[in-house]
Amino acid sequence: MTEAQFTINTEAELQAVVGEPRDFVRVKIASRLDPIMREFIRRSPLVFLSTIDENGHVDISPKGDPCGFVTVDDSGKLLVPERPGNKLTFGFRNILRNGQVGLIFLVPNQRETLRVKGLASLHRDPDVLEQMQVNGKPALLYTRIDVKECFFHCGKALIRSRLWQPECWENGDESLGARQFSTLGNGGDEAYQNTLARLEQSYKDELY
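This section reports on the structure supplied with the text. (Residues numbered from 1 in each chain as written. Predicted model: local features only at pLDDT ≥ 70, side-chain atom pairs only at ≥ 80, totals over all residues. Heavy atoms only, no water.)

1. Quick notes on the overall build of the protein chain
- Looking only at helices and strands, the protein chain features eight helices and seven strands.
- Seen along its three principal axes, the alpha-carbon backbone of the protein chain occupies a region of about 55 × 55 × 40 Å.
- Taken across its 208 residues, the protein chain has 27% of its residues classed as buried.
- Counting contacts in the protein chain only where the partners sit at least 6 residues apart, residues at least 24 apart contribute 63% of the total. (Helix = DSSP H or I, 4+ residues; strand = E, 2+ residues; numbered from the N terminus. Buried < 20%, exposed > 50% of the residue type's maximum accessible area, 1.4 Å probe, protein only. Contact = heavy atoms within 4.5 Å.)

2. Some points on the state of the cysteines
- Taken as a whole and assessed by the stated rule, the structure comprises zero disulfides.
- Residue Cys154 stays outside any disulfide, its sulfur separated by 17 Å from that of Cys150, the closest cysteine.
- By relative accessible area, Cys154 is classed as partly exposed at 39%.
- Left without a disulfide partner, Cys168 is nearest to the cysteine sulfur of Cys154, which lies 19 Å away.
- The class for Cys168 is partly exposed, based on a relative accessible area of 34%. (Disulfide = S-S within 2.5 Å.)

3. Section: the pattern of salt bridges
- Taken as a whole and judged by the stated rule, the model has seven salt bridges.
- A salt bridge links Glu82 to Lys63; the shortest N-O distance between them is 2.8 Å. Residue Glu82 is located in the loop between β4 (78–81) and α4 (90–97), and its partner Lys63 is located in strand β2 (residues 58–64); the two are separated by 19 residues in the primary sequence.
- Judged by relative accessible area, Lys63 falls into the buried class, the value being 12%.
- A salt bridge links Lys148 to Asp146; the shortest N-O distance between them is 3.1 Å.
- Accessibility expressed as a relative area gives 48% for Lys148, which makes it partly exposed. (Salt bridge = Lys/Arg side-chain N within 4 Å of Asp/Glu carboxyl O.)

Written out as structure tokens, the structure reads:
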């Protein structure tokens, strides 16, 4: 047998494996945010934002702040503030070239997540940036998203991952990110410790 024999190539083959969604799952998909979705967004401190470049390649970036940092304006559009980061701007460049985005909102101890698709654009209205301030510092810019599709995703993935169960978390406190960054230089424990110290300093001094 070859790998090709087990490759799923058509929607019919996919459906044969996964099955048909139930009717209540189909009808839960909405074109605008309802009051419960807005409440979920108000309680969310973390959202993952995916973008697509001109070649169809996907990028995804986490956005986090105090609960309610993503707001919904009077027309039902999402406003997502931007804070100081690594300045690579992959996602923002993608939005300038292809405004199609997807988001997943998480709320601590909520097993369901909220999924949103929409059309994004970048803005820098100073009044809005000031309203988005944290620790006295306004947002750098904000992403406005015209919602096209939204629905709650069932909690099975978060239940399986045990994400909200601290007793299931690993006890190790090593920063794998710092370990990987340190390999870009000389590597070794000294490089790791130096990298970790620089990261911690930036997290302390450059968060906003």
